[in-house]
Amino acid sequence: MLGALVFASCNDIDEQFPEGGNYTDEQVQELNKAVPSRADAIFSGMFSMMAEPHAALGGTRADDFGFVMAALSLDAEGSDLTLQDNGYNWFSACGKLTSRNANYANPYIRYVVPYNQIGVANQVIAAYAGDNDEEKWRIAQAKAIIAFDYLALAPYFQYRYVDAADKPCVPIIKEGADYGSNPRATVKEVYEFILKNLDEAIADLEGYKRPDKSKIDINVAYGLRARAYLNMGMYAEAAADAEKALAGYTPATMKEMSTPAFCDINESNWIWGIAVTDGQVNADGYPTSSSWISAFSGDGYAAATVNVPSINSLLYKKIPDSDVRKGWWLNENLQSPLLEGLTWTDGKTGQSASGQDIPAFTIEDIKEPFIAYNSVKFGMKSGVGSTLNNNDFPLMRVEEMILIQAEGLAKSGNADKARQILENFVRTYRDPSYISTGRNLSLEDEIWFQRRVELWGEGFATSDLQRLKKPIVRFHGQASGKEDLGNFPAAFRFNLPADDPWRLLRFPQTEIDNNSEITSADNAGGSVPEPDSHGELLDGVTD
């Protein structure tokens, strides 16, 4: 750290601050009035840094790309997403859960990125007096960003709110705080701070019309508060805010979901997303969403190294054939209906493959053959085989809000309405044959199943496991009575109980070195899971 004082490498942020940084808020505001472009740079930088390559470490790491990297890491630490253990996987620490090492770059990036953005958001708040609508709206968006950042930290450094409200979580960066001696706030204090920022943001975003979906409007702020309420176990409030967040939006249709997507911020079902510019990726396209998450990049890291993310086969087998989402992954025969109508042409050699021939198609140093259960969910904004890795990334979709609404209603005493909302969504937009009781799951587990399938690869897996107090289940051992080794590589094949202290992230060494209130004893319990351990565990969904 200190995260609040370490800023991303984009020029528009680097050039914001005077030497010494000791201006008062009033002086900053006067300077911004005299030089409006300065305040504009701070505000735009607050958003552009979200997926900036090499922003956290400033080097050449292929896994340093902000919140998208964090989303992939968090899903790779859970039950449902795996990459390969082949020596080219920059996320192997997540697969093995060695990501609890205080000296590793992966957990450091995930810790510092939210605090970096909090620091810039605080500068946005200081930059404006708020005496006109435009300034008021910018301050409100900065407050919402601060809430988003703490939601990117809190679920991973302590157990869930209902069990651990009074236990230590993460430090809060407040005006006047001594960053060298800043203790961990409790889980309750962190969420109170999140709600305070969101309450104020919602109050001030009324009437705001954003220029594009990378910015935060009142729908996004309601959606963030719905997430916070869900984490806190305030289910009726979560359902109410989710309904407000999805106002004006409809889910993507079955037809729209029958082709690789989730790569363009202008997709109609996105409420909020990260807009990746061509300029951000032209210098180095490897640390990007396209490179790591899409199977279809013509100059990507994953496709070239057999590291296209795969779904846990245990979960895949539970998806009905009538569900359009089953095509988001290749089956055991390397086929998917999403491939129909697609053609991959190599720009250098002119070689091409279409449809179901794409998985076996090989281009030296560009594309290795796909493997069973590889994802084809995420398309390429610039076209199949494009070398421009400029995919955007979804941060909030209408489908997530529908599922929050259903869960909130189910857990606040209105199961009938929850089931009606769930069945209407899935039957209309994903699976015409859907019946919510078809898997004989509890309503809670059925909603969780829908979240696991719908939001796969978007960064929700680990927070859901923590919030629902569920074990990590990657395989079924003989002791479970349902033996199935699944498709995780042997080194990543283990399960972990819900209350295992190894589930909690560790503080990076730089935070321990620079903040006297954080020590190596914080979040120190547990140990690296052994392969094939806890084979007796089941999660209630993939059983």
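A brief look at the structure comes next. (Residues numbered from 1 in each chain as written. Predicted model: local features only at pLDDT ≥ 70, side-chain atom pairs only at ≥ 80, totals over all residues. Heavy atoms only, no water.)

Re the environment of alanine 283
Part 1 of the argument: Mapped onto the elements of the fold, alanine 283 is located in the loop between α13 (278–282) and α14 (289–293).
Part 2 of the argument: In sequence terms alanine 283 and asparagine 101 are 182 residues apart; their C-alpha atoms lie 30 Å from each other. (Helix = DSSP H or I, 4+ residues; strand = E, 2+ residues; numbered from the N terminus.)

Some words on the packing of aromatic side chains
Part 1 of the argument: Considering all chains together, one arrives at 22 aromatic pairs under this definition.
Part 2 of the argument: Taking the centre distance of 5.4 Å and the plane angle of 75° together, the rings of phenylalanine 43 and phenylalanine 47 count as edge-to-face. Here phenylalanine 43 and its partner phenylalanine 47 are both found in helix α3 (residues 36–48), four residues apart, which amounts to about one turn of the helix. Of the two residues examined, phenylalanine 43 and phenylalanine 47, each falls in the buried class. (Phe/Tyr/Trp six-rings, centres within 6.5 Å; stacked < 30°, edge-to-face > 60°. Buried < 20%, exposed > 50% of the residue type's maximum accessible area, 1.4 Å probe, protein only.)

Details of the packing of helix α17 (residues 398–410) against helix α19 (residues 443–454)
Part 1 of the argument: Put simply, α17 and α19 touch, their axes get as near as 10 Å, and they point 170° apart. Between α17 and α19, the angle falls in the class roughly antiparallel. Within the contact between the two elements, α17 uses Glu399, Glu400, Leu403, Ile404, Ala406, Glu407 and Ala410 and α19 uses Leu443, Ile447, Gln450, Arg451 and Glu454.
Part 2 of the argument: Residues that form the contact of α17 with α19 fall into these classes: six nonpolar, one polar and five charged. (Axes fitted to C-alpha atoms, helices over the stretch in contact; angles between N-to-C directions. Parallel < 35°, antiparallel > 145°, perpendicular 65-115°, else oblique. Contact = heavy atoms within 4.5 Å. Nonpolar A, V, L, I, M, F, W, Y, C, P; charged D, E, K, R; others polar.)

Considering helix α7 (residues 133–151)
Part 1 of the argument: Helix length check: α7, at 19 residues, gives a terminal C-alpha distance of 27 Å against a target of 27 Å (1.5 Å per residue), a fit within 8%.
Part 2 of the argument: Within α7, 16 of the 19 residues are buried, which leaves the element mostly enclosed by the surrounding structure.
Part 3 of the argument: Backbone nitrogen of glutamate 134 and a side-chain oxygen of the N-cap are separated by 3.1 Å at the start of α7; the cap is asparagine 132. (Expected span 1.5 Å × (residues − 1). Polar contact = N/O pair within 3.5 Å; in protein donor to acceptor, adjacent residues only side chain to side chain.)

Describing the pattern of salt bridges
Part 1 of the argument: On inspection of all chains with the given rule, the structure shows 38 salt bridges.
Part 2 of the argument: Across the pair lysine 215 and aspartate 212 runs a salt bridge, and its minimum N-O distance is 3.6 Å.
Part 3 of the argument: Residue lysine 215 is classed as buried on the basis of its relative accessible area, which comes to 14%.
Part 4 of the argument: Note that glutamate 446 and arginine 439 form a salt bridge whose closest N and O atoms lie 2.6 Å from each other.
Part 5 of the argument: Linked by salt bridges that have partners in common, Asp323, Arg325, Lys377, Arg397, Glu399, Arg430, Glu454 and Glu458 make up one network. (Salt bridge = Lys/Arg side-chain N within 4 Å of Asp/Glu carboxyl O.)

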